[in-house]
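Coordinates in review
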Amino acid sequence: MNKEDILLMKSIVREVTTEVIHDAVDEKFAAIDKRFEAIDKRFEAIDEKFEAIDERFAEFEVKMECMMDEKIRASENRVLEYIDFVQEGIYKRITRLEEEFEKFKTYCHIAELDSEEHKIMLKKIEELEQRLGILENKIA
């Protein structure tokens, strides 16, 4: 074997080795591609599950909003009913106080008239006592 044969053999070995390495690398890449495809399928399945969960959350949110609206409306009605109840009580008390005030005004007016009458009577009694005193002095 001469030098050219050795070079030729080296060249053939290199080509064969290169092809074997390329084939092995291609197989590895093919296996990796299959794994990535499997992972992609899993991610798609997970995405579908998340979409289903998102839909359920959206439905739940709508239901919760409806429930909260109903609860708020019911609470608001109870508050308004209580306000009406208190307002009615206040109006009844005001009416009763107005009636009592009118009675008091009437009583004060009557008492004022009585007081004036008493003053007049006291004045008359004083005048009569003076006249009686004068008569007693004339008789005595």
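Residues numbered from 1 in each chain as written. Predicted model: local features only at pLDDT ≥ 70, side-chain atom pairs only at ≥ 80, totals over all residues. Heavy atoms only, no water.

**Structural notes on the pattern of salt bridges**
Taken as a whole, this structure holds two salt bridges when the rule is applied. Here E100 makes a salt bridge to R96, at a shortest N to O gap of 3.8 Å. On the criterion of helical spacing, the pair formed by E100 and R96 is a turn pair, its members being four residues apart in helix α1 (residues 3–139). Given the relative accessible area of 44%, E100 is considered partly exposed. A residue is classified by how much of its surface remains accessible, and R96, at 45% relative accessible area, is partly exposed. Between K105 and E102 there is a salt bridge, with its nearest N and O atoms 3.6 Å apart. Residue K105 and its partner E102 are located together in helix α1, separated by three residues, close to a single helical turn. A residue is classified by how much of its surface remains accessible, and K105, at 42% relative accessible area, is partly exposed. (Salt bridge = Lys/Arg side-chain N within 4 Å of Asp/Glu carboxyl O. Helix = DSSP H or I, 4+ residues; strand = E, 2+ residues; numbered from the N terminus. Buried < 20%, exposed > 50% of the residue type's maximum accessible area, 1.4 Å probe, protein only.)

**A few points about a nonpolar patch on the surface**
Together, I21, V25, F29, I32, F36, I39, F43, I46, F50, I53, F57 and F60 make up an exposed nonpolar region whose accessible area comes to about 1,200 Å². Along the polypeptide, I46 turns up in helix α1. Classification of I46 as partly exposed rests on a relative accessible area of 38%. (Patch = residues over 30% accessible without salt bridge, like charges linked within 9 Å, V, L, I, M, F, W, Y side chains within 5 Å. Areas by Shrake-Rupley, 256 points an atom, 1.4 Å probe, with all protein chains shown as cover.)

**Let's talk about the packing of aromatic side chains**
Enumeration according to the criterion identifies one aromatic pair in this entry. Centroid distance Y82 to F85: 6.4 Å. Interplanar angle 35 degrees. Geometry classified as tilted. In this pair, Y82 and F85 are both assigned in helix α1, three residues apart and thus about one turn of the helix distant. Take Y82: its relative accessible area is 55%, and that puts it in the exposed class. (Phe/Tyr/Trp six-rings, centres within 6.5 Å; stacked < 30°, edge-to-face > 60°.)

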